[in-house]
Amino acid sequence: MVQPAVERVYYPGLASHPQHAVAMRQQSAAGGIVSFDVRGGRDAAWRVIDETRMLSITANLGDTKTTITHPATTTHARLSGEQRRLAGIGDGLVRVAAGLEAFDDIRNDLARGLRCLAT
């Protein structure tokens with residue numbers, strides 16, 4: 001599903017990921033965490049997060065429910081802007097850790113969040 005509001009997706013299961021080959025050699029699957037940059041920076045990222053209804057807004061990665069977070073203001077907030085930039089953590093970055101919900105439910109909730117940027 002193409003999302004015009006998404007500038008880039010970070011997921012080792014994608015051939016375009018810089019460490020794709022390494023991940024596929026070291027892991028049996030690509031994992032349940034995906035990150036993506038949205039156009040519009042911090043405000044746009046928080047709009048997407050706030051528009052989701054099922055996803056749990058948290059920085060916790062170890063849960064049975066799907067979580068969504070804004071790393072620049074949560075898990076990496078103590079880093080300087082320059083340190084975040086060097087680590088590839090921009091203001092528009094959103095991270096999702098998939099839980100046990102049905103895939104379609106997760107996808108539909110993310111689509112709901114991203115629709116707010118289409119208007």
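What you see is a predicted model, and the numbers here were worked out from it, not measured in a lab.

Draft legend 1. Representation of the overall build of the protein chain. A tally of helices and strands in the protein chain yields four helices and five strands. Starting at the N terminus and ending at the C terminus, the protein chain contains elements arranged as β-α-β-α-β-β-α-β-α. Along the first, second and third principal axes, the C-alpha set of the protein chain runs to 40 × 40 × 25 Å. Contacts spanning at least 24 positions in sequence make up 67% of the contacts within the protein chain whose residues lie at least 6 apart. Here the protein chain displays about 7,100 Å² of accessible surface, and carbon together with sulfur accounts for 52% of that area.

Draft legend 2. Main features of helix H4 (residues 103-115). Taking 1.5 Å per residue, 13 residues should reach 18 Å; H4 reaches 18 Å between its end C-alpha atoms and fits that length. Taken together, the buried positions of H4 are Ile-106, Asp-109, Leu-110, Ala-111, Gly-113 and Leu-114. In this fold, the buried residues of H4 make contact with strand E1 (6-10), strand E2 (33-38), helix H2 (41-51), strand E4 (67-69) and strand E5 (93-97).

Draft legend 3. Spatial organisation of the pairing of E5. For E5, the buried fraction is high: five of the five residues fall into the buried class. Of the two faces of E5, the one lined by Leu-93, Arg-95 and Ala-97 and the one lined by Val-94 and Val-96 are each fully buried. Bridge count between E2 and E5: five bridges; the pairing is antiparallel. The residue bridging Val-34 from the neighbouring strand is Val-96, located in E5. When E4 meets E5, the two strands line up antiparallel, connected through three bridges.

Draft legend 4. Here's a closer look at the nonpolar core. With 17 residues, the main nonpolar core has Phe-36, Val-38, Ile-68, Val-94, Leu-110, Leu-114 and Leu-117 as its most contacted residues. Put simply, the parts of the chain that give this core at least two residues each are E2, H2, E5 and H4.

Draft legend 5. Here's a closer look at the environment of Leu-110. Tracing the backbone shows Leu-110 in helix H4. Sequence-wise, Leu-110 and Ile-68 are 42 residues apart; in three dimensions their C-alpha atoms are separated by 9.4 Å.

Draft legend 6. The environment of Ile-89, seen in detail. Here Ile-89 is to be found in the loop between helix H3 (81-86) and E5. Using a relative accessible area of 10% as the deciding quantity, one classes Ile-89 as buried. Along the sequence, Ile-89 and Val-38 sit 51 residues apart, while their C-alpha atoms lie 12 Å from each other. Those residues in contact with Ile-89 that lie beyond four places of it in its chain are Pro-71, Ala-72, His-76 and Arg-84.

Scoring rules and cut-offs
- Residues numbered from 1 in each chain as written.
- Predicted model: local features only at pLDDT ≥ 70, side-chain atom pairs only at ≥ 80, totals over all residues.
- Heavy atoms only, no water.
- Helix = DSSP H or I, 4+ residues; strand = E, 2+ residues; numbered from the N terminus.
- Contact = heavy atoms within 4.5 Å.
- Areas by Shrake-Rupley, 256 points an atom, 1.4 Å probe, with all protein chains shown as cover.
- Expected span 1.5 Å × (residues − 1).
- Buried < 20%, exposed > 50% of the residue type's maximum accessible area, 1.4 Å probe, protein only.
- Pairing = 2+ DSSP bridges.
- Core = buried A, V, L, I, M, F, W, Y, C linked by side-chain atoms within 4.5 Å.

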